[in-house]
Amino acid sequence: MSRQTYRVCFCCRRSFKVTAPPVPGDVKDLFQRYSENGVMSVDQLQRFLIEVQKEGGASREDAQGIVDRLRDQGRFHIFHRKGLTLEDFFSYLFGEINPPLSPNLGVHHDMNAPLSHYYIYTGHNSYLTGNQLSSDCSDKPIIDALKKGVRVIELDIWPNSNKDDVHVLHGRTLTTPVELIKCLKSIKEHAFVASDYPVVITLEDHLTADLQAKVAEMVTQTFGDVLFSPGPECLKEFPSPESLKKRVIISTKPPKEYLQAKKPTEKEVDSQRGKAGDEEAWGKEVPDLREDILNDDKDDDDEEEDEVDDDEDDGVGGNKPQQKAAPEYKRLIAIHAGKPKGGLDEGLKVDPDKVRRLSLSEQQLEKAVVTHAKEIVRFTQRNILRIYPKGTRITSSNYNPLIGWSHGAQMVAFNMQGYGRSLWLMQGMFRANGGCGYIKKPDFLLKSGPLNDLFDPKSPLPVKTKLKVTVYMGEGWHHEFDSTHFDLYSPPDFYARVGIAGVRADRVMKKTKTLEDNWIPVWNEYFVFPLTVPELALLRIEVHEYDMSEKDDFGGQTCLPVSELRSGMRMVSLHDLKGEKYKFVKLLMRFEFLDPSTEE
């Protein structure tokens, strides 16, 4: 039985008929195999869950629960029978109760290892509402980030114009400030709304000693016993996320003298803005590591270029007089940050007696992984590495996070107020482990091999598994958008892009055929992806509407961690440009993990 919906074009008043397609052939075949006389019983549904959906522990009660939920939702079409009809079965497969990631999995990684053993959901310039040069500073983006599970909040702290209070703003720009105390109070209120695991506040400090003391008082009074403050000395080993539940941690480099900086003129801001260029509606394709990075000698002028050694004096640089740092401020710092003199050879040395955080820009990382890949991996086994966007990303765009993750970097800092494909990867990565903001790194990044060798993502590796992805169909656009959104005079022409983000050997994107004039496209195409490092692989899914004369229109996207992808036929919800889930737009897909030797 097909369903029909009529949409009216607001331009020419033409009526468009939207007809639900017949049930896909694979769904019909499976229903026939697991049903009798046109009805799938609870026992047959249980067998389907185990054999096709690969839910090995599925019980009869689980199958009955699906039947009950369909009945409660009024999805049954034949009420007197004890089981599912074909259309009921299709409603289950293409419904909210059948997502690609298990809704019951929750936090399931070992959370008792040191913080350095985890990828941590990390924000950059967390207070900005828009671009990096002239947008407002506010506590709202901080609140939004915390509600989405971000665990590392960055605040740039500067003296106010009277030098008697502390403001948060992006220094040397025209961004309007927000009071530090307002940001701290909002962090306290929303820190553990999405996750109980610790929130790290990274401070980019540009304060004098008296204002550092004022910050210490603000932080102490705001967070009280929630604050984790082990003392002024560096930790010998990081605590675990489990031991730090519902705690707030301060991380910053050693206190230094405040450096006066003049604000740029409007002309300077406009000049810098012009260098950024425009991105497509859904963001540029995620860039790979550039092969010519060693020849790129452009300086990266960003916030941590003037970092000092943890063990250096409290003052810094030039002919400016040094000053004694506020001791109460130094005691707040639980995770010491810094960049010791001597370049990467010195900076990546592992001290057996203390742990610390090192920060590199995305450009510095790209250079470092060419010359010091193994040293980075070794460093991140005990210490924390933070990567931040280069200074020219004034539109709050982002970079490829996989370069940092594949070398063990825990804090890959992103502009959460930005948009585009790189941010979709970040959002997809942290859907894992119950969305708690902490993901245990793979063992090969935490331990040396039998010959004391270290993981190198550029080295050729054997295929561990193959992921077969079938894209059956999609629907929901006619509910989400008006009839002229994609085309003024005809239904849309959708195609899907499916691929893998991961180590270089696994990275690929493929696309389906374009289906003309159909609000509910039925592609029925499959792709096979060989995976050498499935632990770091993310499944990318996008839908676009082909436009012959202009850029193709965005139709939805999502990104899913392969490590938690459920086998079988699943309903995949799509999200908008910012990562917010659409209410109606979804795909019916199937995921199968195959033996590496399987012929494609």
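Residues numbered from 1 in each chain as written. Predicted model: local features only at pLDDT ≥ 70, side-chain atom pairs only at ≥ 80, totals over all residues. Heavy atoms only, no water.

As for the overall build of the protein
Per the secondary structure count, the protein includes 15 helices and 23 strands. When contacts within the protein are restricted to residue pairs at least 6 apart in sequence, those whose partners lie at least 24 apart make up 74%. As displayed, the protein offers around 26,000 Å² of accessible surface, 48% of which is attributable to carbon and sulfur atoms. (Helix = DSSP H or I, 4+ residues; strand = E, 2+ residues; numbered from the N terminus. Contact = heavy atoms within 4.5 Å. Areas by Shrake-Rupley, 256 points an atom, 1.4 Å probe, with all protein chains shown as cover.)

A closer look at the state of the cysteines
In this structure the tally under the stated criterion is 0 disulfides. With no disulfide of its own, Cys 183 has Cys 137 as its nearest cysteine by sulfur position, at a separation of 8.2 Å. (Disulfide = S-S within 2.5 Å.)

Here's the deal with the packing of aromatic side chains
Taken as a whole and judged by the stated rule, the model has 18 aromatic pairs. Centroid distance Phe 90 to Phe 94: 5.8 Å. Interplanar angle 40°. Geometry classified as tilted. Neither residue differs from the other here; Phe 90 and Phe 94 are each classed as buried. Aromatic side chains Phe 486 and Phe 494 sit 5.2 Å apart centroid to centroid with 80° between the ring planes, which places their arrangement in the edge-to-face category. Comparing Phe 486 with Phe 494 shows no difference in burial state: the two are buried. One aromatic cluster is present, formed by Trp 477, Phe 481, Phe 486, Phe 494, Trp 519 and Tyr 582 through successive ring pairs. The ring centre of Tyr 526 lies 4.5 Å from the NZ or CZ of Lys 468, which sits over that ring. Taking the ring centre of Tyr 495 as reference, the NZ or CZ of Lys 511 above it sits at 4.0 Å. (Phe/Tyr/Trp six-rings, centres within 6.5 Å; stacked < 30°, edge-to-face > 60°. Buried < 20%, exposed > 50% of the residue type's maximum accessible area, 1.4 Å probe, protein only. Lys NZ or Arg CZ within 6 Å of the ring centre and 35° of its normal.)

A few points about helix H12 (residues 373-382)
Every buried residue of H12 is accounted for by Ala 373, Ile 376, Val 377, Phe 379, Thr 380 and Gln 381. Check the buried side of H12 and you find it contacts helix H10 (343-347), strand E12 (357-361), helix H11 (362-371) and strand E13 (384-388).

A closer look at the side chain of Lys 586
Turning to its location among the elements, Lys 586 is positioned in strand E23 (residues 581-594). Overall, Lys 586 belongs to the buried group, its relative accessible area being 16%. Residue contacts for Lys 586: discarding those within four places in its chain leaves Phe 94, Met 473, Gly 474, Glu 475, Met 571, Val 572, Ser 573 and Leu 574.

A closer look at the environment of Val 39
Mapped onto the fold, Val 39 is located in the loop between helix H1 (25-33) and helix H2 (42-51). We classify Val 39 as buried; its relative accessible area is 14%. When the C-alpha atoms of Val 39 and Thr 85 are compared, they prove to be 5.0 Å apart, with 46 residues separating the residues in sequence.

Digging into the packing of H2 against helix H3 (residues 60-72)
Closest axis-to-axis distance for the H2/H3 pair is 8 Å, and the angle between their directions is 110°. In terms of orientation, H2 and H3 fall into the roughly perpendicular class. From H2, Val 42, Asp 43, Leu 45, Gln 46 and Leu 49 reach across to H3, where they touch Arg 60, Ala 63, Gln 64, Ile 66 and Val 67. (Axes fitted to C-alpha atoms, helices over the stretch in contact; angles between N-to-C directions. Parallel < 35°, antiparallel > 145°, perpendicular 65-115°, else oblique.)

Description of the nonpolar core
Within the largest apolar cluster, 76 residues are counted, with the highest numbers of intra-cluster contacts made by Leu 155, Ile 157, Leu 180, Ile 187, Ile 201, Trp 405 and Met 426. Ranked by residues supplied to this core, first place goes to helix H7 (residues 209-223) with 6 residues. If sequence neighbours within four positions are ignored, Trp 405 has contacts with Tyr 119, Val 412, Leu 425, Met 426, Met 429, Phe 430, Leu 445 and Leu 538. Met 40, Val 471, Phe 527 and Leu 560 belong to the second largest nonpolar core, which has 62 residues in total. (Core = buried A, V, L, I, M, F, W, Y, C linked by side-chain atoms within 4.5 Å.)

Some words on the packing of H1 against helix H4 (residues 86-93)
The N-to-C vectors of H1 and H4 enclose an angle of 120°; their axes lie 10 Å apart at closest approach. The orientation of H1 relative to H4 falls into the category oblique. Read as a crossing pair, H1 and H4 show a hand that is right-handed. Contact residues: H1 offers Val 27, Lys 28 and Phe 31, while H4 offers Leu 86, Phe 89, Phe 90 and Leu 93. Split into classes, the residues belonging to the contact of H1 with H4 amount to 6 nonpolar, no polar and 1 charged. (Left-handed = near helix turned anticlockwise from the far one by under 90°. Nonpolar A, V, L, I, M, F, W, Y, C, P; charged D, E, K, R; others polar.)

Quick look at unusual backbone geometry
Even without a glycine there, the phi angle at Asn 433 is positive, about 55°. With respect to the helices and strands, the residue Asn 433 is situated in the loop between helix H14 (421-429) and strand E15 (438-440). The phi dihedral of Asp 517 is positive, around 55°, even though this residue is not glycine. Relative to the helices and strands, Asp 517 is located in the loop between strand E18 (508-511) and strand E19 (522-531).

Topic: helix H5 (residues 140-147)
For H5, the set of buried residues is Pro 141, Ile 142, Ile 143, Ala 145 and Leu 146. Buried residues along H5 sit against strand E5 (152-159), helix H6 (180-190) and strand E8 (199-205). Once H5 ends, the next one or two residues include Gly 149, with phi positive near 100°.

With respect to the pattern of salt bridges
One pass over the full model with this rule turns up 25 salt bridges. Between Asp 196 and Lys 246 there is a salt bridge, and its shortest N-O distance comes to 3.9 Å. Separated by 50 residues along the polypeptide, Asp 196 in the loop between H6 and E8 and Lys 246 in the loop between strand E9 (227-228) and strand E10 (248-252) bring together distant segments of the chain. Here the salt bridges do not stand alone but share partners, grouping Glu 285, Arg 421, Arg 497, Arg 540 and Glu 542 into one network. (Salt bridge = Lys/Arg side-chain N within 4 Å of Asp/Glu carboxyl O.)

Such coordinate-based values are descriptive only and should not be taken to indicate function.
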